[in-house]
Amino acid sequence: IDHTLNKMSDDVYSDLVGFLKSDRADLCVAAVKAVAAVTDEDDLEKLVKYGAVTPLCKLISRSETAELAMDSLLRLSSEAPSFSNQTAHDMFEAGIVNRVLEVVFDKSKKKPKFVNAALAVLLNTTRTEAGAVALLGPEDYSRPLPLLARFLLPTQPDEEIDQWQHFGGILMNLTQIEGGRKFVARISTKILEKILPQLRSKNVFRRRGIAGTVKNLCFDKDSAWWLLHEIDIIKHLLYPLAGPEALDLDERIGMDPELWMEGCDKVREPDEHVRLFLVESILLLLATGRKSRDHIRKQRTYVILKVADMVEESEQVGEKINECVQFLRRDEEGTEEGSSDRIFREAVPTVSDIVLNKNYDDVD
């Protein structure tokens, strides 16, 4: 088989898919190598059109073809945009979810690059509702737990690649449907509490995936009280948005100390997508009602967003920050002028109040 498939006739692609389905191991290996050599977007789309996805899904289970087949599936599901839905559909129909779960836990195939590619394929598959439902499994939604457990393991400094990094993105996809949100928000398993530290990971894919997951949870208005009061989600959302800028004492009063204690050493989240997801999460929570807004104001959210907006380079993120600020600073309907500011002042004592009301007899 010619490994340099470039702008060839449609018959070549039809024959190549036939070789992928062959019972002969040598023909399958040669065909997979030929597919792996395809780089042109039009040619990738022809492979999808002529049915290459289904046999490639089966070939990830064979040791001699597993790595190249997985890499090919990743490219077909990522680099052929016009056929991305068809690719996802074909992978789902070929049972890709079951196959990926089988191979990533097969010790004989457990090479970091292979596992990383496998989870990236699963990420692309779960962008569709059918793929997400398949990964969640039956009503107890326990199927992703083994992947979650490995995702939460500390990464080793000598690791060639963070092989579980894409599970954060998978969670983001899962939480686009109700079952996925139930899985993450289940109180008994405390999954949300366990994944929130990933917002501070050095790996941008982990941070981006978990930030997107949190945003999806914030769409459920009924979860707002739990997120704000039980999870204390605002401090987790604000920490990455806080930067090295010095804050006045008045600005720090009522604020979680973590947001200012690092001083000039604090690094603001560098990834635009993560910042956008975090700000959008705050915006969604602000929109859940007046009590939510009162609570968010008291945590000095306005101060962090105001400073972040001063250095924000993304127009889209800046617009979302401005929407948050409008919520935070505006007067509530049906209340007198200045009430929004007074809610905070009444909740948090000023510097002078703290000094004057202090009982110095209690000090050693």
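Residues numbered from 1 in each chain as written. Predicted model: local features only at pLDDT ≥ 70, side-chain atom pairs only at ≥ 80, totals over all residues. Heavy atoms only, no water.

A. Representation of helix α9 (residues 129-136). Turning to α9, its buried residues are G131, A132, A134, L135 and L136. Along its buried surface, α9 packs onto α6 (84-93), α7 (96-104), α8 (112-125), α10 (145-151), α11 (167-174) and α12 (178-185). Downstream of α9 by one or two residues, G137 has phi in the positive range, about 80°. (Buried < 20%, exposed > 50% of the residue type's maximum accessible area, 1.4 Å probe, protein only. Helix = DSSP H or I, 4+ residues; strand = E, 2+ residues; numbered from the N terminus. Contact = heavy atoms within 4.5 Å.)

B. Structural context of the side chain of S77. With respect to the helices and strands, S77 occurs in helix α5 (residues 66-79). At 3.1 Å, the side chain of S77 and the backbone oxygen of L74 are in polar contact. A polar contact is formed between the side chain of S77 and the side chain of N124, at a distance of 2.8 Å. (Polar contact = N/O pair within 3.5 Å; in protein donor to acceptor, adjacent residues only side chain to side chain.)

C. Structural view of the packing of helix α18 (residues 272-286) against helix α21 (residues 315-329). Their axes nearest at 9 Å, the elements α18 and α21 cross at an angle of 20°. Overall, the two elements α18 and α21 adopt an arrangement that is roughly parallel. For the pair α18 and α21, the crossing hand works out as left-handed. In contact with E272, R275, L276, V279, E280, I282, L283 and L286 of α18, α21 contributes Q316, V317, K320, I321, E323, C324, F327 and L328. (Axes fitted to C-alpha atoms, helices over the stretch in contact; angles between N-to-C directions. Parallel < 35°, antiparallel > 145°, perpendicular 65-115°, else oblique. Left-handed = near helix turned anticlockwise from the far one by under 90°.)

D. Examining the packing of helix α20 (residues 301-311) against α21 more closely. At their nearest, the axes of α20 and α21 sit 10 Å apart, and the two run at 150° to each other. Considering their axes alone, α20 and α21 lie roughly antiparallel with respect to each other. Seen along the crossing, α20 lies across α21 with a hand that is left-handed. Taking contact as the criterion, the partners of T301, Y302, L305, A308 and D309 in α20 are, on α21, G318, I321, C324, V325, L328 and R329. Of the residues that constitute the contact of α20 with α21, the class distribution is 7 nonpolar, 2 polar and 2 charged. (Nonpolar A, V, L, I, M, F, W, Y, C, P; charged D, E, K, R; others polar.)

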